[in-house]
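Chains, contacts and geometry: an overview
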Amino acid sequence: MLKNLFLISFILTGWATFSQIDLRNNSVRFDASESNLNSPTGFEIPAIKTPTLSNTKNPNTPNNSNLGKEKEKQIDMQNGDGLIEYTGTNKTPKYFTKDKEEKPEYGKDQYLGDFKTTAKKATFMYRDHEFVDGDMIRVYVNGEIEIPNARLEGSFRGFDLPLKDGFNKIDFEALNQGSSGPNTAQLNIYDEIGNLLASYEWNLLTGNKATAILVKQ
């Protein structure tokens, strides 16, 4: 009887020990995963590259390179009165601060000259060659008003004129004298292919005219 109790006790003790070992071996272990403690949203923020000589732009900065820049203005070849405008660099020097003093000879009409040409048309270009002070002119062709009024600017402006056979008389009347001195202008005349036919200057008092004659052969 004692032997049987001892045997049962030994079996129970061995079974308990085996169960403890087996349970420890069958336990499940969970490894801790990395957490984004530095990012409250759980999304990883891409790292910003340190600027170098070849990489000075921040990729997270919007492209505002055009902010503050004005759009280029388009050049208007016409000035609202049908006149041709010369846009080159042949302009009146800005150092003029006033026109020449008025002289008695400026108070009469001025004959610029006449010449012959075989051109079918001519181009007349004029400007204020001294102080740009608001001088105005009126242009006549063969006694008829071609341009009622035109302002003399620092750059050349003008018009094309089809030539009739024989005499073509062009008058430039001084409508005013601007803010100083006489009405002052430089006049260039070109043929249909751009050759300079003549170049004149005038100094006129209000109401007087400068006249050029082209004879088409």
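This text follows the structure it describes.
Now for a description of the structure that goes with this document. Keep in mind that what you see is a predicted model, and the values were worked out from it rather than measured.

Re the nonpolar core
Grouped burial of nonpolar side chains is what soluble globular proteins tend to show. Of all hydrophobic cores here, the largest spans 27 residues; its most connected members are Phe 124, Tyr 126, Phe 172, Leu 187, Ile 189 and Trp 202. Among the elements that line this core, the one with the most residues is strand E9 (residues 196–204), at four residues. Aside from chain neighbours lying at most four places away, what touches Phe 124 is Arg 157, Gly 158, Phe 159, Leu 161, Ile 170, Phe 172, Leu 187, Asn 188, Ile 189 and Leu 214.

Considerations on the pattern of salt bridges
Where charged atoms from two side chains of opposite charge approach closely, those side chains can pair. Tallying each qualifying case throughout the model produces three salt bridges. Arg 151 is the salt-bridge partner of Glu 153, the closest N and O atoms lying 3.1 Å from each other. The exposure class of Glu 153 is partly exposed, given its relative accessible area of 24%. A relative accessible area of 36% places Arg 151 in the partly exposed class. For Lys 216, the salt bridge identified is with Asp 165, shortest N-O distance 3.7 Å. Here the residue Lys 216 occupies a position in strand E10 (residues 209–216), and Asp 165 occupies one in the loop between strand E6 (157–162) and strand E7 (166–174), the gap between them amounting to 51 residues. Residue Asp 165 is classed as exposed on the basis of its relative accessible area, which comes to 62%.

Concerning the sheet that holds E7
Reading across the sheet, the five strands line up as E2-E10-E7-E4-E5 and stay open at both edges, with mixed pairing between neighbours. With partners counted over all chains shown, the strands left at the sheet margins are strand E2 (110–117) and strand E5 (144–151), one partner each. Sheet twist, expressed as the average angle between the axes of neighbouring strands with direction ignored, equals 15°. Both strand E4 (residues 136–141) and E5 contribute to a ladder of five bridges, which runs antiparallel.

Some words on the packing of aromatic side chains
Aromatic ring pairs: the centre-centre distance and the angle between the two ring planes describe each pair. Counted according to the given criterion, the structure contains five aromatic pairs. Measuring from centroid to centroid gives 6.1 Å for Tyr 126 and Phe 172, while their planes differ by 70°, and the two rings are edge-to-face. Of the two residues, Tyr 126 sits in strand E3 (residues 121–127) while Phe 172 sits in strand E7, which places them 46 residues apart along the sequence. Just above the ring of Tyr 140 sits the side chain of Lys 209; from NZ or CZ to the centre is 4.4 Å.

Cut-offs applied
- Residues numbered from 1 in each chain as written.
- Predicted model: local features only at pLDDT ≥ 70, side-chain atom pairs only at ≥ 80, totals over all residues.
- Heavy atoms only, no water.
- Core = buried A, V, L, I, M, F, W, Y, C linked by side-chain atoms within 4.5 Å.
- Buried < 20%, exposed > 50% of the residue type's maximum accessible area, 1.4 Å probe, protein only.
- Helix = DSSP H or I, 4+ residues; strand = E, 2+ residues; numbered from the N terminus.
- Contact = heavy atoms within 4.5 Å.
- Salt bridge = Lys/Arg side-chain N within 4 Å of Asp/Glu carboxyl O.
- Pairing = 2+ DSSP bridges.
- Axes fitted to C-alpha atoms, helices over the stretch in contact; angles between N-to-C directions.
- Phe/Tyr/Trp six-rings, centres within 6.5 Å; stacked < 30°, edge-to-face > 60°.
- Lys NZ or Arg CZ within 6 Å of the ring centre and 35° of its normal.

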